[in-house]
Amino acid sequence: MKCEQQVHINKISANSELTNMRFLFLTVLVLIILNSAKAQNYVQTISGTVFDKDSKETLIGATVVLVGSDLIIGTITDADGSFFLENVPVGRQTLMVSYIGYSDISIPEILVTTGKVVVLNIELSQNLMHLQEVQVIASESDKDKTLNTMSTISARKLNMEDASRYAGGFFDASRMVSSFAGVTAVEGDGVNDIIIRGNSSRGLLWKLEGIEIPNPNHFTDGQGGTGGTVSIISSKMLSTSDFFTGAFPAEYGNATSGIMDINLRTGKTGEREYAFQLGVVGTEFCLEGGFTKQSKSSYLINYRYSTFGYLSKMGMIDLGNNNLPPIFQDLSAKINFPTKKSGTFSLFIVAGQSNTGTQAIKDSTQWLSDPDLSYFENEDHKMAIAGLKHFYLFHGNKTSIKTVVAGTYQSDEWTEGSLTHNYEKFHDYYNIFTYPSIRASIVLNSKINNRNVLRAGIMFSSLGFDMFYRDYNFNIGTYDTLVNQNGYSSLSQAFIQHKYRFSDKTEMNIGIHTLYFQLNGNSSIEPRLGVKHKITDKVSLNFGFGMHSRAEAISAYMALIQQPDGEWSAVNKNIGFGKASHTVIGCDYSLNQNWRIKAEAYYQYLFNAAVSMDTTSVVSSINFGYGIPDQELINSGKGYNFGVELTVERFFNQGYYVLFTTSIFDSKFKAPNGNWYNTVFNCGYVGNFLAGKDFNFGNHHQNVVGINTKCVLRGGYRISPINRELSILDHEVVFDESRYNENRLPNFLRFDFGTYCRINKVNYSYIFSLDIQNFINRKNIMWYEYSASKNDIVPVEGMGLIPILNFRIEF
């Protein structure tokens, strides 16, 4: 398969600017502190809605009380389940929410600022016995429990405040999850691919507002890839979301490694609010509010444009040689229309464009000393989503239906070549892949009673494609056309799942998911099972099992392979789904309301993987990160992943947090030649340590300075030994495939550091932040390549120290 493991990164050499940026930041910080000496005691409003966790029924008359305030501040929810708490002091606050027959819940460390009204969606779980002498208080360890009530194991709720808080987070949910147990980042630390439990990132499913979407990243990897450099959707636009690493609930399909199930937040109602951010990465503007002061309808719009081009022109960053600045822009929006009798309608839009590359230098005299200066490369990526979601709660408030219809669009264009001595462009290759699609999802959820919840749904994707790829064959002096197809296909899915609560301590989720791929008639039936049992109020045991499958990128099915008679044919059109069986067992232990320990052990059996028909080959799709096949494949590949994971976490409380995660695992595959080898992603171990502390200052402690740090250490990804002599002779890296993936790249080590300062004024607040990625300036080796200028094999290094300075104002 044409699947280079090297990821193109435009290196930014910003070291010379670090001292100036540090000085600027410290100067601004001192001025801010001096300016805050006469600060007032500022207040803000907390609003929100209280729901039943299973049925999504709004709860009328729920009690919402501010905890720890000198004044008694509380209210009850109205006929719509909504509440408003006014005159809440700025700072970190805690709410207690209660309702008869439901477990009380404590929501700690809510960040209240002057610049924005806080909007919360709060879900309560119903008790099996309505009359209880002892109330159950949800501890802070419930902070990581997912929105999806059918999940029992290998799942984590994503709090988007953490995406902004974690050092090196880049306001990117993908980078945030790389800190969790079982997840590793791709070798080039300039990209955000999600490698889960030794699986390729190709097995990850992205969902937005309940619908499957194409890769939502700028500067994407390639065909079938799920990562990139920067997320198209800023974390500032995201609501609480879910992340799964194995044994997924039955409603998720077309994924074998993980699920990113993300949601856009709903804009606040009432008065309009604005936010403006200026930083090294990009300039961002956000607008949200109600259409009228009394209307419950709202809008939320966010636009972002990269600043690398401007900084390069100003001489503030050095892109090096002939690299072009990475340029991107994106737009996200959500408009929410609740009605009294017809449910709630939401219109959502996400669109992004990015391009980068290198430009050849039109001076042939410079090519003698550096032949790379004659080469050019361009990458252009576009993605768009426009959808309508409707949620309706039937009479009786026990059954609901969620319908989503969306159009998605993805376009990837690459070209590479060199200048002739007449300065004319000669293209080594050119390709463009365009995917317009229509997607729909209908999910019915019914809370039959306190013990039983039934959920079922259907998903349909009409998949359009228009693909062209040609590559120059230097051996015969002509272009080979590797892909040249257009048309439509479809992927249909259906599921049903049932949650049964034996007691307040034990519940079971069982279900089945089915897929049908119209392009070649392949289908799959996948059983799922999850069990959770609370041994005590502090200790629970969890178990999960599931069969999962994933379709290849359409370009993989349509790739043209040259046959022995010289003809080119799409011989891989009938390859089947890659499949995986997941088994996971885990234990959660809450030491107290702030600390918890979580351990999981898993075994994944991979089968039906696409591998080469050549019985002497080592080619297997288990190792593919992206790309299209260049040989005929069959579904006879196998592999396995097994490991143990540990998480020790102190949730943010009393101004600080701590997160330590570690994973030890093994990942192997069986090649067509019959031998077992390490997968590319078998780095063996990974460990993360994150910590942060907030310090309040000002007359009423209304302002805050925070510091955050992160350290990641893992083994290097696998690589075959390099035959240096042949590589120099062939002017490209030549591997010794007889010792496939026997070696490792050097260990990956990286430290990130971040600090910020938030100042609250009467009607606005502003934040200065500095995020220093790769604080110790370690140049991790991500790959090896042939250098024409040195006529040797040289290491490709990841990014060095990168200071990301931002200023944001909310008003």
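As the structure is a prediction and not an experimental result, all values here were calculated from the model. (Residues numbered from 1 in each chain as written. Predicted model: local features only at pLDDT ≥ 70, side-chain atom pairs only at ≥ 80, totals over all residues. Heavy atoms only, no water.)

Draft legend 1. The overall build of the protein, seen in detail. Helix and strand counts for the protein stand at 7 helices and 46 strands. Its C-alpha radius of gyration of 27 Å places the protein within 12% of the 28 Å reference for a compact globule of 811 residues. If you take every contact in the protein between residues at least 6 apart in sequence, the share linking residues at least 24 apart comes to 66%. Of the roughly 33,000 Å² of accessible surface on the protein, a fraction of 57% belongs to carbon and sulfur atoms. Of the charged side chains in the protein, 69 are positive and 76 negative, and the gap between their average positions amounts to 8 Å. (Helix = DSSP H or I, 4+ residues; strand = E, 2+ residues; numbered from the N terminus. Rg over C-alpha atoms; globule rule 2.2 N^0.38 Å. Contact = heavy atoms within 4.5 Å. Areas by Shrake-Rupley, 256 points an atom, 1.4 Å probe, with all protein chains shown as cover. Lys, Arg positive; Asp, Glu negative; His and termini not counted. Charge placed at Lys NZ, Arg CZ, Asp CG, Glu CD.)

Draft legend 2. Representation of the sheet that holds strand β1 (residues 43-52). Read from one edge of the open sheet, 3 strands run β4-β1-β7, paired in mixed fashion. The open sheet has two edge strands with one neighbour each: β4 (82-89) and β7 (118-124). Going from strand to strand, the sheet's axes swing by 25° on average, the running direction of each strand aside. As paired elements, β1 and β7 share 7 bridges and run parallel to each other. (Pairing = 2+ DSSP bridges. Axes fitted to C-alpha atoms, helices over the stretch in contact; angles between N-to-C directions.)

Draft legend 3. Structural detail: empty space enclosed by the protein. Taken as a whole and judged by the stated rule, the model has 13 cavities of 30 Å³ or more. For the largest cavity, the lining is made up of 30 residues, of which E212, Q410, R439, R550 and A553 are closest to its centre. Its residues placed into classes, the lining of the largest cavity shows 12 nonpolar, 12 polar and 6 charged. (1 Å grid on protein atoms, 1.4 Å probe; cavity = no way out; pocket = protein on both sides within 12 Å on 5 of 7 lines; lining within 4 Å. Points joined across faces, edges and corners; volume = space filled by probe spheres on them. Nonpolar A, V, L, I, M, F, W, Y, C, P; charged D, E, K, R; others polar.)

Draft legend 4. Summary view of the sheet that holds strand β9 (residues 155-158). Overall, mixed pairing links the 5 strands, which are arranged β9-β16-β17-β12-β13 in an open sheet. A single partner strand is all that each edge strand has here, and the edge strands are β9 and β13 (211-212). The pairing of strand β16 (residues 241-244) with strand β17 (residues 258-262) spans 3 bridges and is antiparallel. Bridge pairing links F243 to M260 in β17.

Draft legend 5. Summary view of the pattern of salt bridges. All told, the structure shown has 32 salt bridges when counted by the stated rule. R165 is the salt-bridge partner of E161, the closest N and O atoms lying 2.8 Å from each other. One end of the pair, E161, and the other, R165, are both in helix α2 (residues 160-165), 4 residues apart, so they sit about a helical turn from each other. Here E161 falls in the partly exposed class, since its relative accessible area comes to 26%. According to the relative accessible area criterion, R165 is buried, its value standing at 10%. Each of R92, E161, D162, R165 and D694 takes part in a single network of salt bridges with overlapping partners. (Salt bridge = Lys/Arg side-chain N within 4 Å of Asp/Glu carboxyl O. Buried < 20%, exposed > 50% of the residue type's maximum accessible area, 1.4 Å probe, protein only.)

Draft legend 6. Geometry of the side chain of R165. Of note is the side chain of R165, whose polar atom sits 2.5 Å from the side chain of D162. With near-sequence residues (within four places) excluded, R165 lies in contact with R92, F652, Y657 and N708. (Polar contact = N/O pair within 3.5 Å; in protein donor to acceptor, adjacent residues only side chain to side chain.)

Draft legend 7. Expanded view of the side chain of R439. Note that R439 resides in strand β25 (residues 425-447). No salt bridge is formed by the buried R439; its nearest oppositely charged neighbour, E212, is found at 4.4 Å. A polar contact is formed between the side chain of R439 and the backbone oxygen of E212, at a distance of 3.3 Å. At a separation of 3.2 Å, a polar atom in the side chain of R439 contacts the side chain of T408. If we skip the residues at most four places from it in the chain, R439 touches I211, E212, V404, V405, A406, T408, F460, S461 and L463.

Draft legend 8. Local environment of the packing of aromatic side chains. Counted under the stated rule, the structure contains 35 aromatic pairs. Judged by centre distance (6.4 Å) and plane angle (40°), the rings of F180 and F243 are tilted. Of this pair, F180 sits in the loop between α3 (173-177) and β10 (183-185) while F243 sits in strand β16, and the two are 63 residues apart along the sequence. The exposure class of F180 is buried, given its relative accessible area of 6%. When its relative accessible area of 1% is taken as the criterion, F243 is described as buried. (Phe/Tyr/Trp six-rings, centres within 6.5 Å; stacked < 30°, edge-to-face > 60°.)

Draft legend 9. Representation of the environment of F753. For F753, the position within the fold is in strand β42 (residues 748-760). Considered as a pair, F753 and N780 are 27 residues apart in the sequence and their alpha carbons are 17 Å apart. If sequence neighbours within four positions are ignored, F753 has contacts with A167, I707, N708, T709, L770, D771, I772 and F775.

Draft legend 10. Region of the structure containing unusual backbone geometry. The phi dihedral of K56 is positive, around 70°, even though this residue is not glycine. Notably, N791 is not glycine yet its phi reads approximately 50°, a positive angle. Inspection of the secondary structure puts N791 in the loop between β44 (781-787) and β45 (792-797).

Draft legend 11. Just the pairing of strand β35 (residues 633-653), in detail. Pairing of strand β34 (residues 595-612) with β35 involves 17 bridges; the strand directions are antiparallel. For L606, the partnering residue across the bridge sits in β35 and is G639. The sheet contact formed by β35 and strand β36 (residues 656-670) spans 14 bridges and is antiparallel. Considered in β36, the bridge of F642 is made with D666. In sequence, β35 turns back onto β36 through a hairpin of 2 residues, with Q654 there showing a positive phi of about 55°.

Draft legend 12. Expanded view of a nonpolar patch on the surface. Residues I448, L454, I496, I512 and I525 make up a contiguous nonpolar surface patch of roughly 440 Å² in combined accessible area. On the secondary structure map, I512 appears in strand β28 (residues 506-517). On the basis of relative accessible area, I512 is assigned to the partly exposed category, the value being 33%. (Patch = residues over 30% accessible without salt bridge, like charges linked within 9 Å, V, L, I, M, F, W, Y side chains within 5 Å.)

Draft legend 13. Structural detail: the environment of L393. Looking at the secondary structure, you find L393 in strand β23 (residues 375-393). Setting aside its immediate chain neighbours within four residues, L393 contacts S55, K56, E57, K398, T399 and S400.

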